[in-house]
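Spelled out, the chains give:
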Amino acid sequence: MKEKTALFSLFGDKKKRGRFVSFAIVIAAYIIIEILLKSGSLSSLFKSLLVPITCYVVASIGLNLNVGISGELNLGQAGFMSVGAFCAICVSGILAGTVTAGIPRLIIAIICGAVLAGIFGFVIGIPVLKLQGDYLAIVTLAFGQIIKSIFMNTYIGFDSDGLHFSFVDSKFKLQPGGKMLLNGPMGATGTQKIANFTVGIILVLIALLIVYNLMFSRSGRAIMAARDNRIAAESVGIPISRTKMLAFVVSASLAGAAGGLYGLNYATLVPNKFDFNTSILILVYVVLGGLGNMTGTIISTVVLILLPELLRSLQDYRMLIYAVVLILIMLVTNNDWLKTKWKSLTSRKAKGGASNG
Amino acid sequence: MQFLSYLINGLGLGSVYAIIALGYTMVYGIAKMLNFAHGDVIMVGSYIAFFALTKFGLPFPLAVLTAILVCTVLGVVIERLAYKPLRQAPSLAVLITAIGVSYFLQNGAQILWSSSSKVFPSVISAGSISIGAASVSYLTLLTIATCIVVMICLTLFINKTKTGSAMRACSEDKGASMLMGINVNQIISITFAIGSGLAAIASVLLASTYPSVYPTMGSMPGIKAFTAAVFGGIGSVPGAFVGGLILGIIEIFAKAYISTQLSDAIVFGVLIVILLIKPTGLLGKKINVKV
């Protein structure tokens, strides 16, 4: 309930401020990190996390559109990421001979990944969006599992004869000079690492632009109305399934784009990387960041990815502490006593601000 | 008669899923939450049974009893510490807390007992009997029998005892049952205790079937059993039983006749089809929303 009111308060004067803050944070972070990179004061561990962080931020923004704005719990976001990732890897592998420059190839691959994930989202959305609540959640979970298990059994190879495809077992033989793009459970190996941080940041900005434009448009208001009261929204003529589908497909495409960038950041990628746990991880980023709050999502994603790394000195205990932190945050943010305290503090502040203005 | 032996093996696997799914469905029915930590309670149960059998050399029934006791206490403690303060919170917050508990149990187990898998001792004699042309191991028979006994006891408990009717009342309407003098918090604790105790029984069967014990062993059976609970209509006790059995049979048949690697995809595919035909699961109640 708290998130919803926070969301509506965005509509007033704060509407533009909220948008501005999230763009400003991303750009400021980019500038600071670029300066740190130039001065060489970043550890190699931190450097290796830069691109994955941008990927997860994009995927979380997408999921927040689905869970926060559209109000549908999606437990299969990692499935869309894997569609984007393996599509981008294949496209990049095929184009390696023709488009030799890294950046254009990366962009083409990411776009292909996003489009394919969007198509998957549409196809999956048709049955999924007929359901509601926990049933919808379990079906997205099921689709995530199915996508993973399909990639575990897909073999795609590329050689001078063109593209070879096989399911369950690699039956085809490649010409000399050919390359296996996907190798079943082993996933993609020998991928050229063409992803970079700048493209990642641009992707984050594009994701923000898309989501904010959608949120504050006619369709966005329809999506939120359908979330808050399905029956009331339907009775004023909002096409529920179409608006929900819009949010679902955009969310899936963003996950696909994120996956594409992620896939091209590693030499090897196994389908198991995008399992149920990854979906849950992204959901945790979104819920901790605040439903419908994109700035919060960005911050919580970055913090929660860095937290286990910062706790590395605690070795085995770091994930245990991570779990405890997670539970404590939930207990504290939902504590009634603290909530009323917080409310009285903030309302006093707001009153003071009003009298000043 | 390969078919018959597959069917019985499917029933065996399905029985394990059914017992786990009962825990999910009861907790959902009463506390209206998806308890993602349930799978990890199974893992803890397996470890307890493993240590009771190997380190302390307890006889099998005593080891099972220890596992049940520890899991029951664990379930109640988790409920008290992590879920009870969130009774009024949005369901997503409870979901994330459950995920946190799941991480906590998995990583705690990893620290306490290392991440390498341990071989569960084969306590139930490895022999088998033949039914018709199919040979069935004692373990499978024991699993099916356990599931039937559990199901009968649970149905009797829910329908015949005072606590059972209090549970049903709570799942219908918490506010009204509170007015009728039912201690809702206590009922929720009892539900968690029963669910976790059932998880312990399932854990011993699971660990004996795939004789290995490791910190993440609970997550996949957990997801499958959760699917089974939804399959049968989440919140419905007979639904969890039917859903579990059907899921087990589908999984074994898919492995035997179609493809081992794709069996998971087929199981989840069938779930989606069922939910499209019957959006509240096989035995789930349709709730009409009043405007």
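To keep things clear, this report deals only with the structure shown in the data block. What you see is a predicted model, and the numbers here were worked out from it, not measured in a lab. (Residues numbered from 1 in each chain as written. Chains lettered and ligands numbered in written order. Predicted model: local features only at pLDDT ≥ 70, side-chain atom pairs only at ≥ 80, totals over all residues. Heavy atoms only, no water.)

**What to know about the overall build of chain A**
Of the regular secondary structure elements, chain A holds 14 helices and three strands. Relative to its length of 357 residues, chain A is compact, with a C-alpha radius of gyration of 21 Å against a globular reference of 21 Å. Overall, the C-alpha framework of chain A stretches about 75 × 55 × 35 Å when taken along its three principal axes. Put simply, chain A has 357 residues, and 51% of those count as buried. Within chain A, contacts between residues separated by at least 24 positions form 73% of all contacts whose residues are at least 6 apart in sequence. Total accessible area on chain A is roughly 16,100 Å²; 66% of this is exposed by carbon and sulfur atoms. Of the side chains in chain A, 31 bear a positive and 14 a negative charge, and the two mean positions are spaced by 9 Å. (Helix = DSSP H or I, 4+ residues; strand = E, 2+ residues; numbered from the N terminus. Rg over C-alpha atoms; globule rule 2.2 N^0.38 Å. Buried < 20%, exposed > 50% of the residue type's maximum accessible area, 1.4 Å probe, protein only. Contact = heavy atoms within 4.5 Å. Areas by Shrake-Rupley, 256 points an atom, 1.4 Å probe, with all protein chains shown as cover. Lys, Arg positive; Asp, Glu negative; His and termini not counted. Charge placed at Lys NZ, Arg CZ, Asp CG, Glu CD.)

**Description of the pattern of salt bridges**
What the rule picks out here adds up to seven salt bridges over all chains. Note that Lys38(A) and Glu34(A) form a salt bridge whose closest N and O atoms lie 3.6 Å from each other. Placement of the pair is Lys38(A) and Glu34(A) together in helix H2 (residues 14-39), with a separation of four residues, close to one helical turn. Among the charged side chains, a salt-bridge network with shared partners connects Lys224(B), Glu251(B), Lys255(B) and Asp264(B). (Salt bridge = Lys/Arg side-chain N within 4 Å of Asp/Glu carboxyl O.)

**Brief notes about helix H3 (residues 44-69) of chain A**
Residues and elements named next belong to chain A. The terminal C-alpha atoms of H3 lie 37 Å apart, and with 26 residues this matches the ideal 38 Å at 1.5 Å per residue to within 8%. The axis of H3 is deflected most strongly, by about 35 degrees, at Leu50, and proline Pro52 appears within four residues downstream. Of the residues flanking the end of H3, it is Gly71, one or two places downstream, whose phi is positive at about 75 degrees. (Expected span 1.5 Å × (residues − 1). Bend = angle between axes of the 7 residues up to and from the residue.)

**Some remarks on unusual backbone geometry**
All names here are of chain B. With a phi close to 55 degrees, Lys32 is a non-glycine residue in the positive phi region. You can see Lys32 is positioned in the loop between helix H1 (2-31) and helix H2 (38-54). We note that Ser114 has phi near 65 degrees; this positive angle belongs to a residue other than glycine. Along the chain, Ser114 falls in the loop between helix H4 (91-113) and strand S1 (118-119).

**Concerning the interface of chain B and chain A**
Between chain B and chain A, the contact holds 43 residues from the first and 39 residues from the second. Both sides of the chain B and chain A interface together cover about 3,600 Å² of buried area, and 82% of this is carbon and sulfur. The largest per-residue losses of area from chain B upon contact with chain A belong to Ile96(B), Tyr103(B) and Ile111(B), which jointly make up 17% of the total buried on that side. Our enumeration of links across chain B and chain A arrives at zero salt bridges. For the interface between chain B and chain A, the tally reads one residue pair in polar contact (both at pLDDT 80 or more). Those elements giving two or more residues to the side of chain B that touches chain A turn out to be helix H3 (60-83), H4, helix H9 (219-232) and helix H11 (263-277) of chain B. The greatest single-element share of the side of chain B that touches chain A, amounting to 13 residues, is contributed by H4(B). Its residues placed into classes, the side of chain B that touches chain A shows 33 nonpolar, 10 polar and no charged. (Buried area = accessible area lost by both parts, 1.4 Å probe. Polar contact = N/O pair within 3.5 Å; in protein donor to acceptor, adjacent residues only side chain to side chain. Nonpolar A, V, L, I, M, F, W, Y, C, P; charged D, E, K, R; others polar.)

**Overview of the environment of Ala82(B)**
Along the polypeptide, Ala82(B) turns up in helix H3. Taking the C-alpha atoms as reference points, Ala82(B) and Gly100(B), separated by 18 residues in sequence, lie 9.3 Å from one another. Those residues in contact with Ala82(B) that sit more than four places away from it in its chain are Ile327(A), Leu331(A), Thr97(B) and Val101(B).

**Points about the nonpolar core**
Burial of nonpolar side chains together is a common tendency in soluble globular proteins. Within the largest apolar cluster, 204 residues are counted, with the highest numbers of intra-cluster contacts made by Leu283(A) and Tyr83(B). Ignoring sequence-local partners within four residues, the contact set of Tyr83(B) consists of Met33(B), Asn35(B), Ala37(B), Ile78(B), Val94(B), Thr97(B), Ala98(B), Val101(B) and Phe192(B). Grouped together as the second largest cluster of nonpolar side chains are five residues, Ala222(A), Ala226(A), Ala233(A) and Ile238(A) included. (Core = buried A, V, L, I, M, F, W, Y, C linked by side-chain atoms within 4.5 Å.)

**Overview of the sheet that holds strand S1 (residues 154-159) of chain A**
Residue and element names in this part refer to chain A. Ordered in space as S2-S1-S3, the three strands form an open sheet in which the pairing is antiparallel. Across the chains shown, the open sheet's two edge strands, defined by having one partner strand only, are strand S2 (162-167) and strand S3 (179-183). Averaged over all neighbouring strand pairs, the angle between strand axes comes to 15 degrees, with direction disregarded. By the bridge criterion, six bridges tie S1 to S2 in an arrangement that is antiparallel. Counted as the bridge partner of Phe158 is Leu163 from S2. (Pairing = 2+ DSSP bridges. Axes fitted to C-alpha atoms, helices over the stretch in contact; angles between N-to-C directions.)

**Looking at helix H10 (residues 240-263) of chain A**
The terminal C-alpha atoms of H10(A) lie 34 Å apart, and with 24 residues this matches the ideal 34 Å at 1.5 Å per residue to within 8%. Burial analysis of H10(A) places 20 of its 24 residues in the buried class, which makes it a mostly covered element.

**Description of the packing of helix H5 (residues 102-128) of chain A against H10(A)**
Residues and elements named next belong to chain A. Interaxial distance between H5 and H10 falls to 7 Å at its minimum, and their mutual angle equals 145 degrees. Regarding H5 and H10, the two cross each other, and that crossing is right-handed. Contacts between H5 and H10 involve Leu106, Ile110, Gly113, Ala114, Ala117, Gly118, Gly121, Phe122, Ile124, Gly125, Ile126 and Val128 from the former and Met245, Phe248, Val249, Ala252, Ser253, Gly256, Ala257, Gly260 and Leu261 from the latter. Of the residues assigned to the contact of H5 with H10, the class counts are 14 nonpolar, seven polar and no charged. (Left-handed = near helix turned anticlockwise from the far one by under 90°.)

**Examining a nonpolar patch on the surface**
On the surface, a cluster of nonpolar side chains totalling about 850 Å² of accessible area is made up of Ile103(A), Ile107(A), Ile111(A), Val115(A), Leu116(A), Ile119(A), Phe120(A), Phe122(A), Val123(A) and Ile126(A). Structurally, Ile119(A) can be placed in helix H5. (Patch = residues over 30% accessible without salt bridge, like charges linked within 9 Å, V, L, I, M, F, W, Y side chains within 5 Å.)

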